[in-house]
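Okay, here's what each chain looks like letter by letter:
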Amino acid sequence: MAAKSKDASKNTEEELTDIPDVLKSGKDGESADELTESYFAVSVLRDFVLPDLLDKDTVELLYWAGKNLSRQLILDMTSLPELFSKAGLGKLEITKQTKNSYQYTLTGPEVEQRFNLNNDNPEFSLETGIITETVEKTIEAFCLGTYTVNSKAKNVSIKVQIDRN
C-alpha cells in the first residue's frame, strides 16, 4: 500500500526533481499544461509502471492491450487521429495506403518526450495495437501491425499489413 504524505502542500518544485521533464515547456511553445494534462499519467503508466510489472512481456502485452482497447472504444479509422490527440499519444497521420497495407506516422511533443525519456529507444506497441485492431475492424480483414522508430527525427512509422485470405 502506498503511503500518503501528511502535508502535500509542503511539496516544492525542488522535491519533485525525479519527475521527468514533461512539466517543462516544449521547444515549439506548447505550454507545460498542454503536454502534462494529456500525457503525464499515460507516460507514467506505460513507460515506468507497466514495464516493471510485465518485464520481458511488455511489448507483446501492450500490443494486445491496445487491440483490446480499440475493441472497447468501438473506433473506426477516421476517429484514430482525434483519439490519439485526446489521449496524449501524439499526432497520428496516415501517410500511405495500398491494397495490402496502411502506413501511419506518429509525431508530436508527446512522441518526442518519449524518445527523450527512453534514450532514443521507446516502444510503441500499445499505439500499434490500437491502430491495427481499428483497421482490422473497419476493413473486416485480418491485420498485423509493426512499428519502426526514427530516433533522429523522433517519430514513429506504424505499418498495418492486411491479410485478405
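Note that the structure is a prediction, hence the values are computed from the model and not measured.

Asks: Tell me about the environment of L89, and name the residues and values.
Replies: Structurally, the position occupied by L89 is in the loop between α3 (80-86) and β1 (91-97). For L89, a relative accessible area of 6% gives the class buried. Measuring from C-alpha to C-alpha, the distance between L89 and S43 comes to 9.0 Å, with 46 residues separating the pair along the chain. Ignoring any residue separated from it by four or fewer positions in sequence, one finds L89 in contact with V42, R46, F84, L106, E110, V111, E127 and I130.

Asks: Talk me through the pairing of strand β3 (residues 142-150); I want residue IDs and the actual numbers.
Replies: Strand direction decides the pairing type here: β3 and strand β4 (residues 155-163), joined by 9 bridges, are antiparallel. Its bridge partner lying in β4, F142 is registered against D163. Connecting the antiparallel pair β3 and β4 is a turn made up of 4 residues, with K154 showing a positive phi of about 55 degrees.

Asks: Any details on helix α5 (residues 125-139)? Residues and values, ideally.
Replies: With 15 residues, α5 should cover 21 Å at 1.5 Å per step; its first-to-last C-alpha distance of 21 Å lies within 8% of that length. Burial analysis of α5 places 12 of its 15 residues in the buried class, the great majority of the element. All of the buried residues in α5 are S125, L126, E127, T128, G129, I130, I131, T132, E133, T134, V135 and E136.

Asks: Please give an account of the sheet that holds β4 that cites residues and values.
Replies: The strand order β1-β2-β4-β3 describes an open sheet built from 4 strands, whose pairing is antiparallel. Across the chains shown, the open sheet's two edge strands, defined by having one partner strand only, are β1 and β3. Between one strand axis and the next, the sheet turns by 25 degrees as a mean value, whatever way the strands run. Examined bridge by bridge, β1 and strand β2 (residues 101-107) share 6 bridges and lie antiparallel to one another. What sits directly across from E93, in β2, is T105. Contacts between helix α4 (residues 109-117) and the sheet are confined to β2, β3 and β4, with β4 contributing the most and set at about 105 degrees to the helix. Packing against the sheet, α5 makes contact with β1, β2, β3 and β4, and its axis sits at approximately 145 degrees to β3.

Asks: An account of the pattern of salt bridges is needed here, citing residue identities and associated values.
Replies: For the structure on display, the rule yields 6 salt bridges. Put simply, E82 and K86 hold a salt bridge, and the shortest N to O gap is 2.9 Å. Of this pair, E82 and K86 both sit in helix α3, 4 residues apart, which is roughly one turn of that helix. According to the relative accessible area criterion, E82 is partly exposed, its value standing at 47%. Classification of K86 as exposed rests on a relative accessible area of 63%.

Asks: Explain a nonpolar patch on the surface to me, using residue names and the numbers behind them.
Replies: Among the surface-exposed residues, L45, F48, V49 and L53 lie close enough to one another that they form a single nonpolar patch of about 370 Å² accessible area. Relative to the helices and strands, L53 is located in helix α1 (residues 32-54). Of the residues examined, L53 reaches a relative accessible area of 65% and is grouped as exposed.

Asks: Tell me about the pairing of β4, and name the residues and values.
Replies: Looking at chain direction, β2 and β4 are connected through 6 bridges and run antiparallel. Bridging across to β4, Y102 finds its partner in V160.

Asks: Tell me what's going on with a negative patch on the surface, and back it up with residues and numbers.
Replies: Negative charge collects at one region of the surface, where D52, D55, D57 and E60 lie side by side. As for its placement among the helices and strands, D55 is situated in the loop between α1 and α2 (58-73).

Asks: Help me get a handle on the side chain of T132, residues and values and all.
Replies: Considering the arrangement of structural elements, one finds T132 in helix α5. Judged by its relative accessible area of 0%, T132 is buried. Ignoring sequence-local partners within four residues, the contact set of T132 consists of Y63, K67, C143, L144, G145 and V160.

About the thresholds
- Sequence order sets the numbering: in each chain, residues are counted from 1 along the sequence as written.
- Predicted model: local features are reported for residues with pLDDT of at least 70 only, side-chain atom pairs are reported and counted for 80 or more only, and whole-chain, interface and lining totals are derived from all residues.
- Excluded from the side-chain calculations are hydrogens and water; all other atoms, namely the structure's heavy atoms, are used.
- Here a strand is any run of E in DSSP of at least two residues, a helix any run of H or I of at least four, and the numbering for each starts at the N terminus.
- When accessible area is computed with a 1.4 Å probe and restricted to protein chains, residues below 20% of their type maximum are described as buried, those above 50% as exposed, and intermediate ones as partly exposed.
- Any two residues whose heavy atoms approach within 4.5 Å are treated as being in contact.
- Pairs of strands are assigned from DSSP output, requiring at least two bridges between the strands.
- By this rule the span expected of a helix is its residue count minus one, scaled by 1.5 Å.
- Interaxial angle, 0 to 180 degrees, is taken between N-to-C directions of lines fitted to C-alpha atoms, where a helix line uses only the stretch in contact.
- Think of a salt bridge as a Lys or Arg side-chain nitrogen and an Asp or Glu carboxyl oxygen that are within 4 Å of each other.
- Candidate patch residues must exceed 30% relative accessible area and have no salt bridge, after which like charges are joined if within 9 Å and Val, Leu, Ile, Met, Phe, Trp or Tyr side chains if within 5 Å.
- We get accessible surface area from the Shrake-Rupley algorithm with a probe of 1.4 Å; when it comes to residues, only the shown protein chains can shield them.
- By the counting scheme adopted, Arg and Lys are positive, Glu and Asp are negative, and His together with the chain ends is not counted.
- A charged residue contributes its charge at one atom only: NZ of Lys, CZ of Arg, CG of Asp or CD of Glu.

Just distances and angles here, no functional claims.
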